[in-house]
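Take a look at the letters that make up each chain.
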Amino acid sequence: MKKYNGIMAATLFLYLVFAAAAYFLLGGKETDLGYKVEINKIMQGLEKEGKFSKPDLRETENVIEVGFLPKEEKAAEAIRSFYQNRNGMSMTVRPLFAEGDLLGYVRFDYIVGIGGQRILRFTEGILFIGWSLIFALLLYIRQKILKPFHVLSRMPYELSKGHLQGELQESKSRYFGKFVWGIGMLRDTLNVAKSNGLRLEKEKKLLLLSISHDIKIPLSAIKLYAKALQEGVYETEDQKLHAVGQIENHAKEIEDFVKEIVSTASEDILAIEVEDSEFYLKDFINKIREYYEPKCKLIMTDFTIGKYEDKLLKGDIEKAFEVVENLMENAFKYGDGKAVRIDFYEEEYCQVITVFNTGPPVATTEMPHLFDSFYRGSNAKGKDGNGLGLYINKQIMTKMEGEIFAQRQEDGMGFGLVFRM
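Residues numbered from 1 in each chain as written. Predicted model: local features only at pLDDT ≥ 70, side-chain atom pairs only at ≥ 80, totals over all residues. Heavy atoms only, no water.

A surface patch of nonpolar side chains, about 410 Å² in accessible area, is lined by Phe13, Leu14, Val17 and Phe18. Looking at the secondary structure, you find Phe13 in helix α1 (residues 2–26). (Patch = residues over 30% accessible without salt bridge, like charges linked within 9 Å, V, L, I, M, F, W, Y side chains within 5 Å. Areas by Shrake-Rupley, 256 points an atom, 1.4 Å probe, with all protein chains shown as cover. Salt bridge = Lys/Arg side-chain N within 4 Å of Asp/Glu carboxyl O. Helix = DSSP H or I, 4+ residues; strand = E, 2+ residues; numbered from the N terminus.)

Here's what the structure looks like:
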């Protein structure tokens, strides 16, 4: 804000500089041609008439008064009065002739510099109006945009510190309505995430206690049967087979219990909600282009979008964008960074959107597991991730009554998204 105030002060300084320059350049400038043209015009009229008559001075700007001294005039007082200076005006005398004969002398009282003063006033006025408009615009931007935004800009910092209870007050101008709405949604989402995190932490501790209790019984039984077999307690083969069978049953009981825990945990983590709606393909692609074209230019990746016809697709546009976002981020992470291409085709009344990236493809043996939860391929070593991106994509597309599939190609990997029309 201090820098902006400095800009406003600079506009005032520049206005004063230009106003002073205009004064020094135009303040003392006389428009000699102005009064000379008027005098010559009056003289031509008088010579044409062949006598002196009072001219109409309503249209003259410099000549204020015109007097006449006949050649016959001998009175000293009249002559002195004729040649006497008028206060604040300049004077010039011209002889008046008619057909070569001198009729007398015409005196012109005029003011020089009227045109220059008029230009100066006009220039100063233009400078003042221009500066006033610029200053008013800067002041409006300061009060209605920058100052409210300065208040709003503190909210992301507060959110990053975990202060989620503050309220955003939108200004009356409502320039930041969408921003305030987005920050409000982010705050609500963070609140929910925080509550879910606390709930999951509590459930995690309860789960650990439950695991220790529920696994303890079958584990104790396994240890008991194993020790009995080790010490030769069972004499007959039937008894031994029965003990082995019991060990196997209790081990399966533990295995089923672990599977249930993993399944429940995955459902809690991935509580995916999809809105039952429709969106236009053009809006979807424009959203992708607007977000990823600048990013691809920045990392020098060739990003191309093929030709398509606008269609109405079934699904949630925000969740569909999340799917493409996961694919694009995987392309940047696991591809070679040379090119990413999006293509389109129709198949069985469905719109298929393919996202292809150059780079080493996934191993053939790993293809069946790409969409499994927490699965990470051999190309993920040393790279951040949790193995949930493609699993989440699968869940989202399924909930939108669509599909997702992977295509292994020689020069890269492709993923197809199938949307119902």
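Read on for the rest.
The sheet built from 3 strands is open, its strands ordered β1-β3-β2 with antiparallel pairing. Each having just a single partner strand, β1 (63–70) and β2 (90–98) make up the two edges of the open sheet. Ignoring strand direction, the axes of neighbouring strands in this sheet form an average angle of 25 degrees. Two strands pair when backbone bridges link them, and β1 and strand β3 (residues 101–110) are joined in this way by 7 bridges, in the antiparallel orientation. Along β3, the bridge assignment pairs Leu69 with Tyr105. (Pairing = 2+ DSSP bridges. Axes fitted to C-alpha atoms, helices over the stretch in contact; angles between N-to-C directions.)

Further remarks concern helix α7 (residues 216–230). Turn by turn, an α-helix covers 3.6 residues, leaving residues three or four places apart pointing in a common direction. In this model, α7 (15 residues) spans 21 Å end to end at C-alpha, consistent with the 21 Å of a helix rising 1.5 Å per residue. Once α7 ends, the next one or two residues include Gly232, with phi positive near 70 degrees. (Expected span 1.5 Å × (residues − 1).)

With that out of the way, let us pick up the pairing of β2. Put simply, side chains in a regular strand alternate between the two faces of the sheet. The pairing of β2 with β3 spans 9 bridges and is classified as antiparallel. Among the inter-strand pairings, Pro95 is bridged to a residue of β3, identified as Tyr105. Taking the residues between adjacent antiparallel strands as the criterion, β2 and β3 are bridged by 2 residues, where Glu99 takes a positive phi near 55 degrees.

With that out of the way, let us pick up the pattern of salt bridges. For the structure shown, the criterion picks out 11 salt bridges. Among the ionic pairs, Arg107 bridges to Asp109, the shortest N-O distance being 2.9 Å. The two residues Arg107 and Asp109 agree in class, both being buried. Among the ionic pairs, Glu293 bridges to Arg289, the shortest N-O distance being 3.5 Å. Of this pair, Glu293 and Arg289 both sit in helix α9 (residues 281–298), 4 residues apart, which is roughly one turn of the helix. A relative accessible area of 26% places Arg289 in the partly exposed class. (Buried < 20%, exposed > 50% of the residue type's maximum accessible area, 1.4 Å probe, protein only.)

Right, let's talk about the packing of α9 against helix α10 (residues 317–334) for a bit. Viewed as axis vectors pointing N to C, α9 and α10 meet at an angle of 30 degrees, and their least axial separation amounts to 11 Å. By the angle between their directions, the pair α9 and α10 is classed as roughly parallel. Between α9 and α10 lies a crossing of right-handed hand. On α10, the residues that touch Asp283, Phe284, Lys287, Ile288, Tyr291, Tyr292, Lys295 and Cys296 of α9 are Ile317, Glu318, Ala320, Phe321, Val324, Glu325, Met328, Glu329 and Phe332. Among the residues forming the contact of α9 with α10, the class breakdown is 11 nonpolar, no polar and 6 charged. (Parallel < 35°, antiparallel > 145°, perpendicular 65-115°, else oblique. Left-handed = near helix turned anticlockwise from the far one by under 90°. Contact = heavy atoms within 4.5 Å. Nonpolar A, V, L, I, M, F, W, Y, C, P; charged D, E, K, R; others polar.)

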